[in-house]
Amino acid sequence: MTDKDRPILETRSLGKRFSIGTRFSAEGKRTVHAVDNVSLTVWRGETVGLVGESGCGKSTLARCLVRLHDISDGELLFEGEDITSKSLSELRPLRRRLQMVFQDPSASLNPRRRVGDLVAEPLRIHSKLSSNEIKKRVAELFDLVGLLPDHVMRYPHEFSGGQRQRVGIARAIALNPDLVVLDEPVSALDVSVQAQIVNLLADLQEKLNLTYIFIAHDLSVVRQVSTRIAVMYLGSIVEEGPAEEVFATPAHPYSQALISAVPVVETTPSGTRKRIILTGDVPSPLKPPSGCRFHPRCPIAAERCRSERPQLREYRPGRKVACHFPTV
Amino acid sequence: MILSVRDLRVSFRTNDGLVRAIDGVSFDLEESEILGVVGESGSGKTVSLLAVMGLITDPNADIEGSIRYKGRELVGLPARELRRLRGNEIAMIFQDPMTALTPVYTVGWQIAEQIRAHRNISKSKAMDRVEELLAEVNFPNPHEAMSRYPHQLSGGMRQRAVIAMALSCNPALLVADEPTTALDVTVQAGILDLVRKLRATHKSAVVFITHDMGVVSELADRVMVMYAGRVVERGSRAELFSDPRHPYTRALLGSIPPLTGEKPRRLPAIPGSPPSLLRLPQGCAFGPRCPVHYEPCATGKPDLGGGTHAAACFRVAQA
Ligand SMILES: Nc1ncnc2c1ncn2[C@@H]1O[C@H](COP(=O)(O)OP(=O)(O)OP(=O)(O)O)[C@@H](O)[C@H]1O
Ligand SMILES: Nc1ncnc2c1ncn2[C@@H]1O[C@H](COP(=O)(O)OP(=O)(O)O)[C@@H](O)[C@H]1O
Ligand code: SF4
Ligand code: SF4
Ligand SMILES: [Mg+2]
Ligand SMILES: [Mg+2]
């Protein structure tokens, strides 16, 4: 078996619940099912894009995948090994191999420390390199992410947003991880800078054989970066498949509405794209609808959808959908 | 003509030096026209609009130029007069709907108060009108929504409530500053529809600020592209998107990943980042990032010039 045929990460019916409020609060103690029954396989070297409306559980799922959250239900396997309930100390050797990059680079960078120091930090904590070796490695990392050697002495606020995100990326790849979870890494950047970071991520993936989980609000960015995408709705995956295929022929009514709502620059006068406008808002995950969770907003919902919850099933090799009446 | 802005300049005196936020912006807006203003953060979109609305209160700000609303000069108008205009004829929506709502009152009460501040009608009449307005902005259950507090609504519902509030005064001019930036695309699509409806049914003129080229291309009749406090290109939607002329506009459009068709292996990216307004480059502000800059760009500042479709670039002027 080659590396490519082996999943790096796998979830089996993974769930994450948060309890909010207490027994004594007005509405009592309640449970948010932020991630619900997710079975996802991630192959080495690919990029899985997670898309869906705000609050659908993308960040929560991503954090579960690198065990920044405890997992409430189901299983999480890393290279075939069950790491669902490994303790923090048992996870320590794995930490290095699973990294995360967040949306707001300044929030994760200590403003009072020089960026060279910030990039060296994971090396000091997790590696056995000497201080000279660390210096060399930091210089190498700066070069990899497109920062200049003399930038090491600067403070985070002396950088533009794009450069700060390069620092965040340098930190994440410092320990040679296998998997990097990128939660909205370009959302806070200027449009003209986004493309630079998207290209950088692609270059690094190729050079370092990285596997990515990628989250972004901008669907065209997700399509560009991802080999596969998973569309989430209220905590569950409703569609999964190769990125270009799902964008070209979405099978789930929700994916269809989501993709059709993306405003695109039309060079031909007056758009020919058909737009599906969803009525109603995303329901609260505290009170998910019965049956298919999308039924109150689905333009083709039928009686069956109100009672029977559709399961995610593979209808064609590589393409999965959770809908009683998919467009296939 | 609803609005006519000429050579608007706004600068801020700061500890680090003079920030020339707006450096000579001119534009016109006709009745029921939608003008899209695009640019990256810091390009001066918000400041130019705040200046037009007379909402720059910073004592260190200097504002020059002319702003005519229906022929009347607004620069130098007393604050009280401006306030009256803003409530009656000019409406605003912002990225964060909470700038227009207070958390402590119900949405219905707030919109009703807004109506009663400008029109002499009874409370119950105002409430009836609120219900109509909420229905107009597609609240599924407007009567029930009236009694909700802002925190009980989703971001998209709050923004729709603010639009209902804006509609309540039948505005001749609506100014919208990134009203959909914080929203999901699904919700954004509904809001863009509302803006189109507002223009169609109320004949309102709209200035719509965004950083999203896609949004502009779907909504605007005319477009203005801003960079470092100046307008670098302007034109009708068709002109701008089928024949972009300014190197910045072209590069920006080129760097957007496609939603259909073949994926490029690499995106054509623009090098560098937008300049600091405290240290603007000599000559053309886009010069250091421009793929086609040449000698004249290093010293002179290119003018936008006249005509419906115009670009502030020496190369374009030469062609
Ligand atoms: N620590 C927490 N406690 C309680 N509820 C939480 C917590 N974290 C997330 N949630 C809830 O879980 C759901 C999923 O949230 P999550 O942040 O994963 O969404 P998301 O898809 O990343 O959204 P966005 O696009 O806005 O980032 C939401 O309903 C959220 O309110
Ligand atoms: N009160 C102020 N004092 C100093 N600089 C300001 C002030 N308000 C805005 N600016 C500066 O003016 C420029 C334009 O800002 P803005 O209009 O908000 O940009 P945009 O809306 O296009 O993102 C920015 O560089 C900003 O930092
Ligand atoms: S199962 Fe029914 S309600 Fe759900 S997406 Fe499919 S058609 Fe719509
Ligand atoms: S004036 Fe020169 S630097 Fe500026 S955009 Fe035109 S070619 Fe480029
Ligand atoms: Mg998130
Ligand atoms: Mg702004």
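Each remark here, short or long, concerns the structure printed above.
Residues numbered from 1 in each chain as written. Chains lettered and ligands numbered in written order. Predicted model: local features only at pLDDT ≥ 70, side-chain atom pairs only at ≥ 80, totals over all residues. Heavy atoms only, no water.

### Focus on the overall build of chain B
Now for step 1: Looking only at helices and strands, chain B features 11 helices and 11 strands.
Now for step 2: Taken against the 2.2 N^0.38 rule, which gives 20 Å for 319 residues, the C-alpha radius of gyration of chain B at 21 Å falls within 12% of a compact globule.
Now for step 3: Oriented by its inertia axes, the alpha-carbon framework of chain B measures out at about 70 × 50 × 35 Å.
Now for step 4: Considering only residue pairs separated by 6 or more positions, chain B has 64% of its internal contacts joining residues 24 or more positions apart.
Now for step 5: For chain B, the accessible surface area stands at approximately 14,000 Å², while carbon and sulfur atoms represent 51% of it.
Now for step 6: Separation between the mean location of the 37 positive side-chain charges and that of the 34 negative ones in chain B comes to 1 Å. (Helix = DSSP H or I, 4+ residues; strand = E, 2+ residues; numbered from the N terminus. Rg over C-alpha atoms; globule rule 2.2 N^0.38 Å. Contact = heavy atoms within 4.5 Å. Areas by Shrake-Rupley, 256 points an atom, 1.4 Å probe, with all protein chains shown as cover. Lys, Arg positive; Asp, Glu negative; His and termini not counted. Charge placed at Lys NZ, Arg CZ, Asp CG, Glu CD.)

### With respect to the interface of chain A and chain B
Now for step 1: Across the contact, 38 residues belong to chain A and 43 residues belong to chain B.
Now for step 2: The contact between chain A and chain B buries some 3,400 Å² in all, and 54% of this surface belongs to carbon and sulfur atoms.
Now for step 3: Viewed at the interface, chain B and chain A are joined by three salt bridges.
Now for step 4: Of the charged contacts in the structure, one is a salt bridge between Glu-206 of chain A and Arg-265 of chain B, with a shortest N-O distance of 3.3 Å.
Now for step 5: Only helix H6 (191-208), helix H7 (219-225), helix H8 (243-248) and helix H9 (253-260) of chain A provide two or more residues apiece to the side of chain A that touches chain B.
Now for step 6: Element by element, the count of residues in the side of chain A that touches chain B is highest for H6 of chain A, at nine residues.
Now for step 7: Taken together, the residues of the side of chain A that touches chain B break down into 17 nonpolar, 10 polar and 11 charged. (Buried area = accessible area lost by both parts, 1.4 Å probe. Salt bridge = Lys/Arg side-chain N within 4 Å of Asp/Glu carboxyl O. Nonpolar A, V, L, I, M, F, W, Y, C, P; charged D, E, K, R; others polar.)

### A look at the side chain of Arg-289 of chain B
Residues and elements named next belong to chain B.
Now for step 1: Assignment of secondary structure puts Arg-289 in the loop between helix H10 (247-254) and strand S11 (310-311).
Now for step 2: Residue Arg-289 is classed as buried on the basis of its relative accessible area of 4%.
Now for step 3: Among the polar contacts listed, one links the side chain of Arg-289 to the backbone oxygen of Pro-271, at a separation of 2.7 Å. (Buried < 20%, exposed > 50% of the residue type's maximum accessible area, 1.4 Å probe, protein only. Polar contact = N/O pair within 3.5 Å; in protein donor to acceptor, adjacent residues only side chain to side chain.)

### Considerations on the site of ligand 2
Residues and elements named next belong to chain B.
Now for step 1: Around ligand 2 sit 13 residues in total, of which Gly-42, Lys-45, Thr-46, Val-47 and Asp-58 are the nearest.
Now for step 2: Contact distances for ligand 2 include 2.8 Å between a nitrogen atom and a side-chain N or O atom of Asp-58.
Now for step 3: Contact with the protein chains covers 67% of the free accessible surface of ligand 2, which is 560 Å².
Now for step 4: Contributing elements (two or more residues each) for the shell around ligand 2: strand S1 (3-14) and helix H1 (45-52).
Now for step 5: In terms of residues, the shell around ligand 2 owes the most to one element, H1, which gives three residues.
Now for step 6: For the shell around ligand 2, a count of residues per class yields four nonpolar, six polar and three charged. (Near = heavy atom within 4 Å.)

### A closer look at the environment of Leu-85 of chain B
Residue and element names in this part refer to chain B.
Now for step 1: With respect to the helices and strands, Leu-85 occurs in helix H2 (residues 79-88).
Now for step 2: Taking relative accessible area as the criterion, Leu-85 reaches 4% and is therefore assigned buried.
Now for step 3: C-alpha of Leu-85 to C-alpha of Met-53: the two residues are 32 residues apart in sequence and 9.1 Å apart in space.
Now for step 4: The residues touching Leu-85, leaving out its near neighbours within four places in the chain, are Tyr-69, Arg-72, Leu-74 and Ile-90.

### Let's talk about the packing of aromatic side chains
Now for step 1: What the rule picks out here adds up to seven aromatic pairs over all chains.
Now for step 2: Relative to Phe-294 of chain A, the ring of Tyr-233 of chain A has its centre 5.1 Å away and its plane inclined at 80 degrees; by these criteria the two rings are edge-to-face. Taken as a pair, Tyr-233 of chain A in strand S10 (residues 228-233) and Phe-294 of chain A in the loop between H9 and helix H10 (303-307) lie far apart in primary sequence, 61 residues in all. As far as the burial class goes, Tyr-233 of chain A and Phe-294 of chain A line up, both buried.
Now for step 3: With a centroid separation of 4.0 Å and an interplanar angle of 20 degrees, the aromatic rings of Tyr-105 of chain B and Trp-109 of chain B are classed as stacked.
Now for step 4: Chaining the aromatic ring pairs together yields one cluster made of Tyr-233, Tyr-254 and Phe-294 of chain A.
Now for step 5: The cationic tip of Arg-160 of chain B hangs over the ring face of Phe-139 of chain B; the distance from NZ or CZ to the ring centre is 5.3 Å.
Now for step 6: Here the basic side chain of Arg-315 of chain B rests over the ring of Tyr-294 of chain B, its NZ or CZ set 3.9 Å away from the ring centre. (Phe/Tyr/Trp six-rings, centres within 6.5 Å; stacked < 30°, edge-to-face > 60°. Lys NZ or Arg CZ within 6 Å of the ring centre and 35° of its normal.)

### Here we look at helix H1 (residues 58-65) of chain A
Residue and element names in this part refer to chain A.
Now for step 1: In terms of residue burial, H1 counts as a mostly covered element, since six of its eight residues are buried.
Now for step 2: If you check which residues of H1 are buried, you get Lys-58, Thr-60, Leu-61, Ala-62, Cys-64 and Leu-65.
Now for step 3: Of the residues one or two after H1, Arg-67 is the one with positive phi, at around 55 degrees.

### Comments concerning helix H3 (residues 107-118) of chain B
All names here are of chain B.
Now for step 1: A rise of 1.5 Å per residue sets the reference length of H3, with its 12 residues, at 16 Å; its end C-alpha atoms lie 18 Å apart and thus fit the reference within 8%.
Now for step 2: Among all positions of H3, only Val-107, Gly-108, Gln-110, Ile-111, Ala-112 and Ile-115 are buried.
Now for step 3: Residues of H3 that are buried in the fold lie against helix H4 (123-136), helix H5 (142-146) and helix H6 (155-167). (Expected span 1.5 Å × (residues − 1).)

### Thoughts on the pairing of strand S7 (residues 98-101) of chain A
Residue and element names in this part refer to chain A.
Now for step 1: Taking every second residue as pointing to the same face, both faces of S7 are buried, with Leu-98 and Met-100 on one and Gln-99 and Val-101 on the other.
Now for step 2: Where S7 and strand S8 (residues 179-183) come together, four bridges link them in parallel fashion. Among the inter-strand pairings, Val-101 is bridged to a residue of S8, identified as Leu-182. (Pairing = 2+ DSSP bridges.)

### Focus on the environment of Ala-107 of chain A
Now for step 1: In this structure, Ala-107 of chain A sits in the loop between S7 and helix H3 (115-126).
Now for step 2: Put simply, Ala-107 of chain A and Ile-259 of chain A are 152 residues apart on the chain and 31 Å apart in space, counted from C-alpha to C-alpha.

### Remarks on the sheet that holds S7 of chain A
The strands making up a sheet associate through backbone hydrogen bonding, with each pair oriented either parallel or antiparallel.
All names here are of chain A.
Now for step 1: One open sheet accounts for eight strands, arranged S7-S8-S9-S4-S10-S11-S13-S12; its pairing is mixed. Two strands lie at the open edges of the sheet, namely S7 and strand S12 (313-316), each paired on one side alone. Taken over all neighbouring pairs, the strand axes of this sheet differ in orientation by 25 degrees on average, direction set aside.
Now for step 2: Bridge analysis of S8 against strand S9 (residues 211-215) gives five bridges, and the strand direction is parallel. If you follow Leu-182 over to S9, its bridge partner there is Phe-214. (Axes fitted to C-alpha atoms, helices over the stretch in contact; angles between N-to-C directions.)

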